[in-house]
Amino acid sequence: MKKKNNIFVSVAIGLIAMLFVACGEPTVRFDRNLLVGYWQRLSTLTDGQDCYRYNADGTGVTWDTGDDMTEAEGQPFTWTLTGDELVLIHEGEMGAKIPKTYTLKELTSSRLSYVDAYKVSYTFMRGK
């Protein structure tokens, strides 16, 4: 009888543990096609704008108009979007790869919003 109780308790604990894991917050899936294009964010530190161009092939470029930069002079990156995780891998000087990971909060045809690992929020509007 004691052995049956131990098995019952073990099964009950296992089911409760699975219930807590299963009740986690579901990952939101965003349409990667909505990300493709030109996005701009008003910079809080300069008079310019942080600009990003996401290409359909997973490449992109970023530049800051406050630094008197153009898209042609921008920093290239590659990007992936899986669920709500956006990863940009910037191409730094001397071939250095600099990954940055963001959690998307909103992605529509006109608005993009995400949060970085330090809980800093970024919001962009689709550019023209």
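Quick caveat: nothing in here was measured; it's all calculated off a predicted structure.

## What to know about the pairing of strand β8 (residues 121-126)
- Pairing geometry for strand β7 (residues 111-116) and β8, over 5 bridges, is antiparallel. Note on β8: the bridge partner recorded for Tyr114 is Tyr122.
- Where β7 folds back on β8, the antiparallel hairpin that results is connected by 4 residues, among which Lys119 adopts a positive phi of roughly 70°.

## Thoughts on the environment of Met125
- Secondary-structure assignment places Met125 in strand β8.
- Beyond its immediate stretch of four places on either side in the chain, Met125 contacts Tyr38, Trp39, Gln40, Ser110 and Arg111.

## A closer look at the side chain of Arg41
- Inspection of the secondary structure puts Arg41 in strand β1 (residues 37-42).
- If we ignore the near neighbours within four places in the chain, the residues touching Arg41 are Gln49, Asp50, Tyr122, Thr123 and Phe124.

## Some points on the pattern of salt bridges
- Scanning the model with the defined rule gives 3 salt bridges in all.
- Of the charged contacts, one joins Asp50 and Arg41 as a salt bridge, the two residues approaching to 2.6 Å between their closest N and O atoms.
- Between Arg53 and Glu71 there is a salt bridge, with the nearest N and O atoms lying 2.9 Å from each other. A residue pair is termed long-range when its members are at least 10 positions apart, and Arg53 in strand β2 (residues 49-54) and Glu71 in the loop between β3 (59-64) and β4 (75-82) qualify at 18 residues.
- Classification of Glu71 as partly exposed rests on a relative accessible area of 31%.

## Some remarks on the nonpolar core
- Core analysis: the largest hydrophobic core is formed by 17 residues, its most contacted members being Tyr54, Leu86, Leu112 and Tyr114.
- Setting aside its immediate chain neighbours within four residues, Tyr114 contacts Tyr52, Tyr54, Leu86, Tyr102, Thr103, Leu104, Lys105, Val120, Ser121, Tyr122 and Phe124.

Cut-offs applied
- Within each chain, residues carry numbers counting from 1 in the order of the written sequence.
- In keeping with the predicted nature of the model, local features appear solely for residues at pLDDT of at least 70, side-chain atom pairs appear and are counted solely at 80 or more, and the whole-chain, interface and lining totals rest on all residues.
- Calculation of side-chain values draws on the structure's entire complement of heavy atoms; hydrogens and water are dropped beforehand.
- Following DSSP output, two strands are said to pair if at least two bridges run between them.
- Strands here mean DSSP runs of E at least two residues long; helices mean DSSP runs of H or I at least four residues long; both are numbered from the N terminus.
- Throughout, a contact is declared for two residues whenever any of their heavy atoms are within 4.5 Å.
- When a carboxyl oxygen of Asp or Glu is within 4 Å of a side-chain nitrogen of Lys or Arg, the pair counts as a salt bridge.
- To sort residues, take the accessible area from a 1.4 Å probe on protein chains only and compare it with the maximum for the residue type: under 20% means buried, over 50% means exposed, and anything in between is partly exposed.
- In these notes, a set of buried Ala, Val, Leu, Ile, Met, Phe, Trp, Tyr and Cys residues joined through side-chain atoms within 4.5 Å is what counts as a nonpolar core.

Such coordinate-based values are descriptive only and should not be taken to indicate function.
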